[in-house]
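Residue-level structure breakdown
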Amino acid sequence: MVEQMGAEAGDGRPGGASALPGVAPDPRSARAETASGTGIALRSSGGRRTAALLIWALLVAGSFGVGAVLHAAGVLTIDHLPPLHGHFRVLTITLLPAAAFAILAVTALPALVERTGFGRASLIAYGSALTWTILLAISADGLAAPFTHRQEYLAVLPAVGDDPLGWLATFTQRLPDYPTHVRGHPPLPVLVVWALAKIGLPGPLWAALLVIAVGCSATVAIALTARRLAGEQAARRALPYLALTPASVWIATSMDAFFMGVGAWGVALLVLGRGRFARILFWAAAGVLLGALPYLSYGLVPYLLIPVVVAVAVRPSRVAVLAALGGAAAVTLAFAAAGFLWPAGVAATHAQWAADPGAARPYLYFLVANLAVLALLTGPAVAVGLTRAGRGVSPGITLLVAAAMAAVLALDLSGITRGEVERIWLPFAAWITLAAALAPTRRLLALQAITGLLLQALVISPW
């Protein structure tokens, strides 16, 4: 286009450099023009980065400031550190192993995932995610502590006993008798920890290890999806940010991290498989995993927008779509046959939610504060990356991030998620973290790790 413009101007020189007849162009002038254009671009990029970081910091700080005022005024009585559902604390020396690993990972991980084969790079990132998550968790109360709480899922296992089908058939009717987390969710999370105990892995520690292993595996699943939609280089750039996400503070050990892993693999299976038979098999398995999401958490229904967007992007065959729908239908039919009807569960849980103090939290505050928590989970690097979304940089990444953001906004606007979203946002935050791949730098990766360390050091959470 530039050459064409130069030709139209009558100079005939490549690049359209203008000159008076008989006078040779000055190469210093051309270099100066190039340097000037580059300088303007760098200043523009730097300005957007600074603005993004400033907005990120103001959103987080403002939400904590307003939350402190509301708490002092008695408006928020059940949250002691709003917008987070936790308490303030100070950790020091116990965080040194996690800090040391963060320094090592920030220094070495980007190069490692860039130079090795993609499969090995994904395993390195997964191992880094596991190490980072576990080191953060053991710096305080340890891995198993959250699952020992009397309001957690394991507390209801005696009621399940040796008759899970009988328990499932009466789940809705007996819901008011169960712990808080059980009342707020469908029955599948309880059945997961029950099955874990039945295969010889009982207790809080095994439950925590399962949650961390499955939750961190979302790093690999999301990278595989990004590779198909955005290319291998974009997926490689995302891997360090997926591994060192600040959300790791709540991946260990919230059951929502398990939901995150299940959902991520449900989406990834839509882009895997070579050959017609393999693709149909993978789509059927994807349907089972994605069909299980509403039975893990009612709030995961908007999450299904992500696989829909991916499915449209990869243009599957009609048989593959039917296989996925069949897998999802099989989950629904199995629960219905066992006596649990999903709409009845939604109605019963909503009644419990409406009677809970959490329903009295101010809607307008949490409408904004919930997004501040999302900003903490995803970190400042994502805020910078979002400034490049929609600018033609990696449309596949932008598509995945936009789908996850739309799902979050739908939940946020609904008013059902008023607080405690540091765990609820986990499945969505993992996909939004892909935005960091749009503007990756080592400094931003370091900021991600610092954010995670500060969250672990200063916040004690029930999860």
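That block above? That's the structure.
Residues numbered from 1 in each chain as written. Predicted model: local features only at pLDDT ≥ 70, side-chain atom pairs only at ≥ 80, totals over all residues. Heavy atoms only, no water.

What follows concerns the layout of surface pockets. By volume, the largest pocket amounts to about 1100 Å³. As for the largest pocket, its lining consists of 38 residues, of which T180, G184, W353, E420 and R423 are closest to the centre. Among the elements that line the lining of the largest pocket, the one with the most residues is helix α17 (residues 342-354), at six residues. A breakdown of the residues in the lining of the largest pocket according to their chemical character gives 15 nonpolar, 15 polar and eight charged. Taken as a whole, the second largest pocket holds about 360 Å³ of empty space. Around the second largest pocket, the lining is made up of 17 residues, and of these L290, L304, A324, L325 and A328 lie nearest the centre. Every element with two or more residues in the lining of the second largest pocket is listed here: α14 (276-296), α15 (305-314) and α16 (318-337). Here the lining of the second largest pocket gets six residues from one element, more than from any other, and that element is α14. (1 Å grid on protein atoms, 1.4 Å probe; cavity = no way out; pocket = protein on both sides within 12 Å on 5 of 7 lines; lining within 4 Å. Points joined across faces, edges and corners; volume = space filled by probe spheres on them. Helix = DSSP H or I, 4+ residues; strand = E, 2+ residues; numbered from the N terminus. Nonpolar A, V, L, I, M, F, W, Y, C, P; charged D, E, K, R; others polar.)

Within the structure shown, the criterion is met by two cavities of 30 Å³ or more. Looking at the largest cavity, its volume works out to about 100 Å³. Along its surface, the largest cavity is lined by 16 residues, and T219, L242, T245, I251 and M260 are the ones closest to its centre. Mapped onto the lining of the largest cavity, the elements with two or more residues apiece are α4 (118-138), α9 (204-216), α10 (218-230), α11 (232-243) and α12 (248-251). When residues in the lining of the largest cavity are grouped by element, the largest group, three residues, is from α10. Its boundaries defined by the atoms lining it, the second largest cavity holds a volume of some 40 Å³. Lining the second largest cavity, in full, are L154, L157, V193, L196, A197, L201, P202, G203 and A207. Take the lining of the second largest cavity: its biggest share by element is three residues, from helix α8 (residues 188-198).

Another point: α4. With 21 residues, α4 extends 30 Å between its outermost C-alpha atoms, agreeing within 8% with the 30 Å of an ideal straight helix rising 1.5 Å per residue. When we look at burial in α4, the residues that qualify are F118, A121, S122, A125, S128, A129, W132, T133, L135, L136 and A137. (Expected span 1.5 Å × (residues − 1). Buried < 20%, exposed > 50% of the residue type's maximum accessible area, 1.4 Å probe, protein only.)

So, about a nonpolar patch on the surface. Together, F88, V90, L447, I450, L454 and L458 make up a nonpolar patch on the protein surface, roughly 540 Å² of accessible area in all. Sort the elements by how many residues they give to the nonpolar patch and helix α23 (residues 442-458) lands first, with four residues. Take F88: it is sitting in strand β1 (residues 87-88). (Patch = residues over 30% accessible without salt bridge, like charges linked within 9 Å, V, L, I, M, F, W, Y side chains within 5 Å. Areas by Shrake-Rupley, 256 points an atom, 1.4 Å probe, with all protein chains shown as cover. Salt bridge = Lys/Arg side-chain N within 4 Å of Asp/Glu carboxyl O.)

We now examine α15. Within α15, burial applies to I306, P307, V309, V310, A311 and V314. Where α15 is buried, its residues meet α10, α13 (255-268), α14, α20 (395-414) and α22 (426-432). One or two positions beyond α15, positive phi appears at R315, with a value near 55°. (Contact = heavy atoms within 4.5 Å.)

This paragraph deals with the pattern of salt bridges. Tallied over the full model, the rule gives seven salt bridges. When the shortest N-O distance is used, the salt bridge between E232 and R236 registers 2.8 Å. Here the residue E232 and the residue R236 both occupy positions in helix α11, the gap between them amounting to four residues, near one helical turn. A relative accessible area of 32% places E232 in the partly exposed class. Several salt bridges share partner residues, and in doing so they unite D79, D256, R361, E420 and R423 into one network.

Now for the environment of W132. Tracing the chain through its elements places W132 in helix α4. Judged by its relative accessible area of 0%, W132 is buried. Remark: the alpha-carbon pair of W132 and T245, spanning 113 residues in sequence, is separated by 9.0 Å. Setting aside residues no more than four positions away along its own chain, W132 makes contact with A98, F101, A102, A243, L244, T245, S248, A449, G452 and L453.

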